[in-house]
Amino acid sequence: MSASISAKKEYTAPQKKFLLKERRRREAITAATCLTEALVDHLNVGVAQAYVNQRKLDHEVKTLQVQAGQFSKQTAQWISMVEGFNQALKEIGDVENWARSIEMDMRTIATALEYVHKGQLHSASS
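As the structure is a prediction and not an experimental result, all values here were calculated from the model. (Residues numbered from 1 in each chain as written. Predicted model: local features only at pLDDT ≥ 70, side-chain atom pairs only at ≥ 80, totals over all residues. Heavy atoms only, no water.)

J.: Looking at this model, I keep getting lost on the overall build of the protein chain. Mind explaining?
T.: Along the protein chain, the regular secondary structure elements total one helix and zero strands. By the burial criterion, 0% of the 126 residues in the protein chain qualify as buried. A total accessible area of about 11,800 Å² is found for the protein chain, and carbon and sulfur atoms account for 64% of it. (Helix = DSSP H or I, 4+ residues; strand = E, 2+ residues; numbered from the N terminus. Buried < 20%, exposed > 50% of the residue type's maximum accessible area, 1.4 Å probe, protein only. Areas by Shrake-Rupley, 256 points an atom, 1.4 Å probe, with all protein chains shown as cover.)

In structure tokens, the structure reads:
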């Protein structure tokens, strides 16, 4: 009977080793699974943040495009106003030149009339 008890001990010792190895293997698998899940979660957080940032950037780009379009229209209006103002200044300059020309002509006519009038006075007195 002692042989059968010792046989059982010998048989249970490898079995214990196998069970211990199996338990450790399951623990290692569980730990690897937890690590993998933690890494994936960490990566997902980064990816989610990148996605949120990309959406914000897209929104900002659209807003900037709208503002750039508005600024372009406003600038075109300002350019049109400045061109109109320049044209008005040119016209004022043209009017000034015309007025000076008329003034010079009027002085010439006034001088001629004075000369004729003096000539008539001299011929009437002689």
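J.: So what exactly am I meant to see when it comes to a nonpolar patch on the surface here?
T.: Residues Val95, Trp98, Ile102, Met106, Ile109 and Leu113 make up a contiguous nonpolar surface patch of roughly 630 Å² in combined accessible area. Tracing the sequence through the fold places Met106 in helix α1 (residues 2–125). (Patch = residues over 30% accessible without salt bridge, like charges linked within 9 Å, V, L, I, M, F, W, Y side chains within 5 Å. Salt bridge = Lys/Arg side-chain N within 4 Å of Asp/Glu carboxyl O.)

J.: Would you explain the pattern of salt bridges in this entry?
T.: Any two side chains of opposite charge can pair, on the condition that their charged atoms come close. Tallied over the full model, the rule gives four salt bridges. Linking Glu96 and Arg100 is a salt bridge whose minimum nitrogen-to-oxygen distance equals 3.2 Å. Taken together, the residues Glu96 and Arg100, both in helix α1 and four residues apart, mark about one turn of the helix. Overall, the relative accessible area of 40% leaves Glu96 in the partly exposed class. Of the charged contacts in the structure, one is a salt bridge between Glu103 and Arg107, with a shortest N-O distance of 2.8 Å. One end of the pair, Glu103, and the other, Arg107, are both in helix α1, four residues apart, so they sit about a helical turn from each other.

The values reported here are purely geometric and, on their own, carry no functional implication.
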